Amino acid sequence: MKVEVKGLSKRFEDRLALDDVGFQVPEGKITAIVGPSGSGKTTLLRIINMLDRPTKGKLVINGKDPAKNGHSQVLKKMVMVFQNPVMFNRSVIANVSYGLKVRRVDKTKVKDRSEKALERVGLGDRAGQYAPTLSAGESQRMAFARGLVLEPELMLLDEFTANLDPGNVALLEKLVMDYNKDSDSTIVLATHNLYQAKRLSHHCIFLFDGKLIEKGRTKKMFSSPKDPLTKKFLSGEIAW
Amino acid sequence: MIWELIREVTLQLISGLDPETQRVVLITVLTLYMATMSTTVSSLIGIPLGAFIGMRKSQLFLLFRVFTHSLYGLPPVIAGLLVYMLLSRAGPLGPLGILFTPTSMIVAQCLLITPLITGISASAVDSLPKNIEDTARSLGANRIDLIKTMLYEARLGLFTAVMLGFGRAISEVGAVIIVGGNIKWHTQVLTTSIVLETQRGNFNYALTLGAILMLIALIISLVLTIAQKKKGSNLRSLLIKGGGKG
């Protein structure tokens, strides 16, 4: 899926969360949006997922403005995994199959696909459990399975491993890389974890105070950042 | 029309009983019919309306909620008077000829309990975590899927709204006595009969009717408690499991 943002700005009452941000997301690659807390990463992902509307600028998906061309079909090809995932008050498998059901996928396939997705995140034995009783790590894995099961062309991950133990982080990171490799899907992840961005992403975008400071290939940006602010952030001089 | 059918069937089934027992049975059946119908109609209006209001955060909808909440305290006699004026021969809906029938009692009950069901439904939906809506939308839910999901997630609150509406409908007296007229064998319900029998000094009879009313209230309360207990067990397990989060 081709995603481009053009001159995006987003204002929340007295605060400018995004200020004239523009870039193109490389298709079939993993792009990391890095920046300290409050830099506008989540806002940007929410606008791409059409959960929020920009105050200025526009979003272009596959060459079209989804706001003008009916966004329901586009939305069905993307999914966002939130930092603090909310469990629906139902079983784990019912949570995972939710997206398939709203896509009116054949009932026989829904169960099969949901079970496979749960197996992939190591929750195969928790299918019947009441979802809100899962631990934080399990909830995050379940939320990932809930997105993975849809086989999206675009996956948006918002701090998807925040507060998880190293084992769960490694598992989810491997799943992201495998999914990107196997399906050729586009993945955009927002993270303040530079090591994670370095490990996972092909391309990197650095946001600071709502502004796009620098973008480019991850390796290049980490080895030779152009902007002094990027240098400071990468060297740990700016608090995350 | 439905009531006439139920009435005929009930009278046929209890034809072997003495007239006073027949009367008590008929009063009880009418009470349940009236409360069920008014709760059903009010729920069909109040739940979707409440969900719609609960999902909106603008000042206008907030004002609408305040207005709905203020109607919780609408005195039944005022509701009865309004419906009476609407349905009386000189009123705008007079030609319908439904004053002093169970239908007019249901209309009055709806006026009283629809705000209650609407307001509680709005609060139930509003109290859901905001991320639920975002999560559902992100997973591809369209507007209808979203409303269905929100209603399902708020199901316990909605159930409480319906049960409270039913509770108010079954125990209400002021409005139904005005628009129903408390006509023996036709529009007498448990509460209005208690009023009548008390005025006549038939305290034993009034107490028997009161006991039936209390029994119905007890069954409603039992259903509600079981439902809440079920939710409580989920919360308990959530708290136990939540302790080891991380």
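As the structure is a prediction and not an experimental result, all values here were calculated from the model.

Undergrad: What is the right way to look at the overall build of chain B in this model?
TA: Scanning chain B from terminus to terminus reveals eleven helices and zero strands. For chain B, the α and β elements follow one another from N to C terminus as α-α-α-α-α-α-α-α-α-α-α. The C-alpha extent of chain B, read off along each of the three principal axes, is 70 × 45 × 30 Å. In chain B, which comprises 246 residues, the share counted as buried stands at 43%.

Undergrad: Explanation requested: the confidence of the model for chain B in the structure shown.
TA: Parts of the prediction with low pLDDT should not have their coordinates interpreted in detail. On average, residues of chain B score 89 in pLDDT, and 92% of them reach the 70 mark or higher. We note a pTM of 0.79 for the whole complex and an ipTM of 0.90 for its interfaces.

Undergrad: What is the right way to look at the nonpolar core in this model?
TA: Here is a general trend for soluble globular proteins: nonpolar side chains tend to be buried in one another's company. Ranked by internal contacts, the top residues of the largest apolar core, which has 66 residues, are A:V34, A:M142, A:F144, A:M155, A:L157 and A:F160. Among the nonpolar cores identified, the runner-up in size contains 35 residues, and B:V24, B:A79, B:C110 and B:F166 belong to it.

Undergrad: Help me understand the packing of helix 3 (residues 92–102) of chain A against helix 5 (residues 136–148) of chain A, please; the structure alone is not making it clear to me.
TA: Each pair of packed helices gets described by two things: the angle between the helix axes and the distance between those axes. Residue and element names in this part refer to chain A. In the contact formed by helix 3 and helix 5, the axes pass within 7 Å of each other and the chain directions differ by 35°. Along this stretch, helix 3 crosses helix 5, giving a crossing that reads as right-handed. Across the interface between the two elements, V92, N95 and V96 from helix 3 touch M142, A145 and R146 from helix 5. Split by residue class, the contact of helix 3 with helix 5 holds four nonpolar, one polar and one charged.

Undergrad: Honestly, empty space enclosed by the protein in this entry has me stumped. Any pointers?
TA: Remark: the empty space left among the atoms is shown by a probe the size of a water molecule rolled over them. All told, the structure shown has two cavities of 30 Å³ or more when counted by the stated rule. There is about 60 Å³ of room inside the largest cavity. Residue lining of the largest cavity: A:V79, A:M80, A:V81, A:F82, A:P85, A:A143, A:R146, A:G147, B:T135 and B:L139, and that is the complete set. For the lining of the largest cavity, the secondary-structure elements that each account for two or more residues are strand 5 (78–81) and helix 5 of chain A.

Undergrad: Please clarify how the sheet that holds strand 8 (residues 203–208) of chain A should be interpreted in this entry.
TA: All names here are of chain A. Read from one edge to the other, the open sheet built from six strands follows the order 5-6-7-3-8-9, with strand pairing classed as mixed. Edge strands, defined here as strands with exactly one partner in the open sheet, are strand 5 and strand 9 (211–217). Averaged over all pairs of adjacent strands, the angle between their axes in this sheet comes to 15°, without regard to strand direction. Here strand 5 pairs with strand 6 (residues 154–158) via four bridges, running parallel.

Undergrad: Before we go on, may I ask you to explain the interface of chain A and chain B in this structure?
TA: Often, the extent of an interface is quoted as the loss of accessible area upon association of its parts. Facing the 31 residues of chain A at the interface are 24 residues of chain B. With both chains or domains summed, chain A and chain B bury close to 2400 Å², and 50% of this area falls on carbon and sulfur atoms. When the buried surface of chain A facing chain B is broken down by residue, A:V86, A:N89 and A:Y98 rank first, second and third, together holding 22% of it. For the pair chain A and chain B, the number of links is three salt bridges. A salt bridge links B:D134 to A:R46; its shortest N-O distance comes to 2.8 Å. On inspection of chain A and its partner chain B, the count reaches eleven residue pairs in polar contact (both at pLDDT 80 or more).

Undergrad: For this particular structure, what's the right way to read the pattern of salt bridges?
TA: Per the stated rule, a full pass over the model turns up 18 salt bridges over all chains. The residue B:D145 makes a salt bridge to A:R104 at a minimum N-O spacing of 3.0 Å. Note that B:D145 is positioned in helix 7 (residues 143–153) and A:R104 in the loop between helix 3 and helix 4 (107–120), a pairing that runs across two chains. With a shortest N-O distance of 2.8 Å, A:D178 and A:K174 are connected by a salt bridge. With a gap of four residues between them, A:D178 and A:K174 both fall in helix 6 (residues 166–183), about one helical turn apart.

Undergrad: Any chance you could explain the environment of B:A51 here in plain terms?
TA: Residues and elements named next belong to chain B. As for its placement among the helices and strands, A51 is situated in helix 2 (residues 19–55). Looking at A51, the relative accessible area reads 2%, which means it is buried. A sequence separation of 63 residues divides A51 from T114, and the C-alpha atoms of the two residues are 13 Å apart. Here A51 is in contact with V125 and L151, once residues within four sequence places are set aside.

What counts and what doesn't
- By convention here, each chain's residues receive numbers from 1 onward along its written sequence.
- Throughout, the order in which chains and ligands are written sets their labels, letters from A for the former and numbers from 1 for the latter.
- Whole-chain, interface and lining totals are the exception, using all residues; otherwise, since this is a predicted model, local features are given only for residues with pLDDT of at least 70 and side-chain atom pairs are given and counted only at 80 or more.
- Water and hydrogen atoms play no part in the side-chain values, which are based on all heavy atoms of the structure.
- In this text, helices come from DSSP runs of H or I with a minimum length of four residues, and strands from runs of E with a minimum of two, each type numbered from the N-terminal end.
- Exposure classes here rest on a 1.4 Å probe applied to the protein chains alone. A residue is buried below 20% of its type maximum, exposed above 50%, and partly exposed in between.
- Residue-level confidence of the predictor is what pLDDT reports, using numbers from 0 through 100.
- Working definition of a nonpolar core: buried Ala, Val, Leu, Ile, Met, Phe, Trp, Tyr and Cys residues. They are joined through side-chain atoms within 4.5 Å.
- Note on method: axes are straight lines fitted to C-alpha atoms, helices fitted across the in-contact stretch only, with angles between N-to-C directions ranging 0 to 180 degrees.
- By definition, any crossing whose near helix is turned counterclockwise from its far helix by less than a right angle is left-handed, and any crossing with a clockwise turn is right-handed.
- Here, residues are in contact when the closest pair of their heavy atoms is within 4.5 Å.
- The residue classification treats Ala, Val, Leu, Ile, Met, Phe, Trp, Tyr, Cys and Pro as nonpolar and Asp, Glu, Lys and Arg as charged. All others, Gly included, are polar.
- Buried and open spaces are told apart on a 1 Å grid over the protein atoms alone, a cavity being a set of points where a 1.4 Å probe fits but cannot get out and a pocket being an open set with protein on both sides within 12 Å along at least five of seven lines. Residues with an atom within 4 Å of a point are the lining residues.
- Grid points are joined across faces, edges and corners, and a volume is the space filled by probe spheres set on the points.
- At least two DSSP bridges between two strands are required for those strands to pair.
- By buried area we mean how much accessible surface two parts lose on assembly, using a 1.4 Å probe and totalling the loss over both.
- Definition used for salt bridges: Asp or Glu carboxyl oxygen within 4 Å of a side-chain nitrogen of Lys or Arg.
- Think of a polar contact as two N or O atoms within 3.5 Å of one another; within protein, one of them needs to be a possible hydrogen donor and the other a possible acceptor, and neighboring residues in sequence only count if both atoms come from side chains.

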